[in-house]
Amino acid sequence: MGSDPLNVAVIIGSTRIGRVCDTVGAWFAAWARRREELAVEVLDLARYAFPGCYPEEATPSMRDFTSAVGGADAFVVITPEYNRSFPASLKQAIDFAYDEWQAKPVGFVSYGSGSAGHYAVEQLRTVFGALHAVTTRDWVGIDLLGDDVDEHGRPRDTDGRVRAVGAMLDQLTWWGHTLREGRRAQPYVS
Ligand SMILES: Cc1cc2nc3c(=O)[nH]c(=O)nc-3n(C[C@H](O)[C@H](O)[C@H](O)COP(=O)(O)O)c2cc1C
């Protein structure tokens, strides 16, 4: 596998005022940064001034986002569950890019209030499949209403959670290196 670090973009999917997504994302990014072979960048959707209507031509904020997606080798999407799906802010951003997602792996950290975001993840698998991306089998799921988080919404580092993070990052790293080598060897056939 290549020795240069794998560029991993951690996408903060909720832009809601008062969200916990940034807290969950910072917690996850800190775990990912413990791995020397990963170069972790956080893409916070709340920091992009995306247009309300899909424009005829990409705006600078859309180009900034798609360029960051294009520069990444792998992604971890941090997503809440909203009405048994994922938030509109995330779908809006995903749909701004296309080629940039192709032949790259996507892992998930999901959460909900009463659920751990399973519906959100399964719907995102369908979306990323349409974009020729590969989703990891394992993900990290957090129930905000249980003992999974502290009083600030920060996930607790229980043995089970640390194992879940490790499994997802192992799979993401394997796919990330393998697909990067594949893309370098020959163009993807979309
Ligand atoms: C519009 C909306 C819909 C929600 N639907 C669900 C749901 O279907 N299942 C669930 O477990 N929690 C649901 N929740 C609770 C959220 O998971 C919880 O509010 C979480 O903090 C939202 O993430 P955020 O704070 O990062 O935006 C919903 C919250 C909102 C705002």
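Check the entry above for the structure.
How each quantity is defined
- Residues numbered from 1 in each chain as written.
- Predicted model: local features only at pLDDT ≥ 70, side-chain atom pairs only at ≥ 80, totals over all residues.
- Heavy atoms only, no water.
- Helix = DSSP H or I, 4+ residues; strand = E, 2+ residues; numbered from the N terminus.
- Expected span 1.5 Å × (residues − 1).
- Buried < 20%, exposed > 50% of the residue type's maximum accessible area, 1.4 Å probe, protein only.
- Near = heavy atom within 4 Å.
- Polar contact = N/O pair within 3.5 Å; in protein donor to acceptor, adjacent residues only side chain to side chain.
- Areas by Shrake-Rupley, 256 points an atom, 1.4 Å probe, with all protein chains shown as cover.
- Axes fitted to C-alpha atoms, helices over the stretch in contact; angles between N-to-C directions.
- Parallel < 35°, antiparallel > 145°, perpendicular 65-115°, else oblique.
- Left-handed = near helix turned anticlockwise from the far one by under 90°.
- Contact = heavy atoms within 4.5 Å.
- Nonpolar A, V, L, I, M, F, W, Y, C, P; charged D, E, K, R; others polar.
- Phe/Tyr/Trp six-rings, centres within 6.5 Å; stacked < 30°, edge-to-face > 60°.

**Some remarks on helix α5 (residues 159-185)**
Taking 1.5 Å of rise per residue, 27 residues should cover 39 Å, and α5 covers 39 Å from first to last C-alpha, within 8% of that figure. Of the positions making up α5, those classed as buried are Arg161, Val165, Gly166, Met168, Leu169, Leu172, Thr173, Gly176, His177, Leu179 and Arg180.

**What about the site of the ligand?**
In the neighbourhood of the ligand, 15 residues make up the surrounding shell, with Ser14, Arg16, Tyr82, Asn83 and Tyr111 lying closest. One of the side-chain nitrogen or oxygen atoms of Arg16 is found 2.7 Å away from an oxygen atom of the ligand. Taking Glu81, its side chain carries an N or O atom lying 3.2 Å from a nitrogen atom of the ligand. For the ligand, whose accessible area on its own is 610 Å², the fraction buried by protein is 75%.

**Remarks on the packing of helix α3 (residues 88-96) against helix α4 (residues 118-130)**
Look at α3 against α4: their axes get within 11 Å of each other, and the N-to-C directions meet at 10°. Taken together, the axis directions place α3 and α4 in an arrangement best described as roughly parallel. Two packed elements cross with a definite hand, and for α3 against α4 that hand is right-handed. Between α3 and α4, the contacting residues are Leu90, Lys91 and Ile94 on the first element and Leu124, Val127 and Phe128 on the second. Counted by class, the contact of α3 with α4 contains five nonpolar, no polar and one charged residues.

**Examining the packing of aromatic side chains**
Counted under the stated rule, the structure contains ten aromatic pairs. Seen in terms of ring centroids, Phe108 and Phe128 are 6.3 Å apart; in terms of plane orientation they differ by 50°. Their pairing is tilted. Of this pair, Phe108 sits in strand β4 (residues 105-112) while Phe128 is found in helix α4, placing the two residues 20 residues apart along the sequence. What makes Phe108 buried here is its relative accessible area of 0%. The class for Phe128 is buried, based on a relative accessible area of 0%.

**Examining the environment of Glu37**
Locating Glu37 in the fold gives a position in the loop between α1 (21-32) and β2 (38-44). Taking C-alpha positions, Glu37 is 7.5 Å from Asp4, a pair spaced 33 residues apart along the chain. Each residue touching Glu37, except ones within four places of it in the same chain, is listed here: Pro5, Leu6 and Thr173.

Interpretation in functional terms is not warranted from these geometric data alone.
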